[in-house]
Each structure stands twice: as C-alpha cells, then as structure tokens.
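A closer look at the structure
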Amino acid sequence: MIVDDLLSHACMTKYRLAEQAGIPHATLSDICSEKTKLEKCSAETVYKLAKALGVTMELLTESGIRKTERERAYEYGLPEYLQHDLDTYKEGLKTKSELLDCYWGELYGSINLAEISEGVITPEHADYLRKKYLWGRSL
C-alpha cells in the first residue's frame, strides 16, 4: 500500500500521520488496511494526507500508484555494472561508509555510460536514478 510505503520512508507512525494530517486515526487505519480505498476518500482527506507526507495528491491516487511502480522498475533490470554500482552505493548510504564519495562517483559514471555511451537506459531512466540517488545528497 502506498501510504504504508510513504510512512516507512518518512519514518512516521500512523498515529503521527493522523495527527499531522488532522484526520481520525480510524480513517487512516481503514485506508492502511485497505478496508477503505484511498480513491474513494474525499479530496480533502487525500489532500491532508498528501500534505502531511510531503507528496502530491496524484501520488496517492491510482495514476500515482502506477507511476510509483514504474519508477521502482527503474531500479531493476539494469546492466550488471550499473546494478552493482547502485547496490554498492545504497549499501554505503545504509552503513555510512567512508567510501561514499567514491561510490557516488562510480554510480554517476555508470549511469552516464549506460545512458550516453551504450544507450541501454533512456534519458528519463537516467534522470530518475540521478535525482533519486545523486543530486541533493550530502557526502
């Protein structure tokens, strides 16, 4: 469920989200348990949830779910060298490796190689990987 994924990513509890969004905890529980479909909620509820989670309303709707699934697919089926560098970089982030700047450079080079030199990923795919993993990260 998209809300559960976003909660996990934001390191937020359901209780805290309900409080920040200003919606009843029971409503959020029903959404998370899929007793209530998010698409059936009022626009106001979706807006409050999106605002509290720091995402767009579209991300919480059906088209947003499809987009999220497509973006997740961008992290699989990569050329072996790019997958290796991506996995190494993610592990370096998780362990706060002292070599993170090196892993960053390797990943940056692999993305460029896959997009520009070999053409095995699209520019949209490359931009997604750069934005998600490289830009805005402090080393």
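Everything quoted here is computed from the prediction, not taken from an experiment.

1. Section: the nonpolar core
If you look at the biggest cluster of nonpolar residues, it comprises 21 residues, and the most contacted ones within it are Val3, Leu7, Leu17, Leu28, Leu38, Leu49 and Leu60. Breaking this core down by element, the ones donating at least two residues are helix H1 (2–10), helix H2 (14–21), helix H3 (25–32) and helix H4 (43–53). In terms of residue count, the dominant contributor to this core is H4 (five residues). Excluding residues within four positions of it along the chain, Leu38 makes contact with Ile2, Val3, Ile31, Val46, Leu49 and Leu60. Leu86, Tyr89, Leu129 and Tyr133 belong to the second largest nonpolar core, which has 16 residues in total.

2. Notes on the packing of H2 against H3
Between H2 and H3, the shortest axis-to-axis distance is 9 Å and the interhelical angle comes to 125°. Judged on the interaxial angle alone, H3 and H2 are oblique. Between H2 and H3 the crossing geometry is right-handed. Residues Lys14, Tyr15, Leu17 and Ala18 of H2 touch H3, and the partners they reach there are His25, Leu28 and Cys32. A class-by-class count of the residues in the contact of H2 with H3 yields five nonpolar, one polar and one charged.

3. Brief notes about unusual backbone geometry
Although it is not a glycine, Lys96 sits at a positive phi angle of roughly 55°. Residue class for Lys96 comes out exposed when judged on its relative accessible area of 70%.

4. Re the confidence of the model for the protein
It should be kept in mind that the predicted coordinates are not to be read in detail where pLDDT is low. Confidence in the prediction for the protein averages 87 pLDDT; 88% of positions are at 70 or higher. For the protein, per-element mean pLDDT is lowest for helix H5 (residues 62–73), which scores 64, and highest for helix H7 (residues 100–117), which scores 96.

5. Some thoughts on the packing of aromatic side chains
Here the structure, examined in full by the defined rule, presents three aromatic pairs. With 5.9 Å between their ring centres and 55° between their planes, Trp104 and Trp135 make a pair best called tilted. Of this pair, Trp104 sits in helix H7 while Trp135 sits in the segment after helix H8 (123–134), placing them 31 residues apart in sequence. Taken together, Trp104, Tyr108 and Trp135 form an aromatic cluster joined through their ring pairs.

6. What to know about the environment of Leu113
Within the secondary structure, Leu113 sits in helix H7. The spatial distance from the C-alpha of Leu113 to the C-alpha of Leu82 is 8.8 Å, given a sequence separation of 31 residues.

The rules behind the values
- Residues numbered from 1 in each chain as written.
- Predicted model: local features only at pLDDT ≥ 70, side-chain atom pairs only at ≥ 80, totals over all residues.
- Heavy atoms only, no water.
- Core = buried A, V, L, I, M, F, W, Y, C linked by side-chain atoms within 4.5 Å.
- Buried < 20%, exposed > 50% of the residue type's maximum accessible area, 1.4 Å probe, protein only.
- Helix = DSSP H or I, 4+ residues; strand = E, 2+ residues; numbered from the N terminus.
- Contact = heavy atoms within 4.5 Å.
- Axes fitted to C-alpha atoms, helices over the stretch in contact; angles between N-to-C directions.
- Parallel < 35°, antiparallel > 145°, perpendicular 65-115°, else oblique.
- Left-handed = near helix turned anticlockwise from the far one by under 90°.
- Nonpolar A, V, L, I, M, F, W, Y, C, P; charged D, E, K, R; others polar.
- pLDDT = per-residue confidence, 0-100.
- Phe/Tyr/Trp six-rings, centres within 6.5 Å; stacked < 30°, edge-to-face > 60°.

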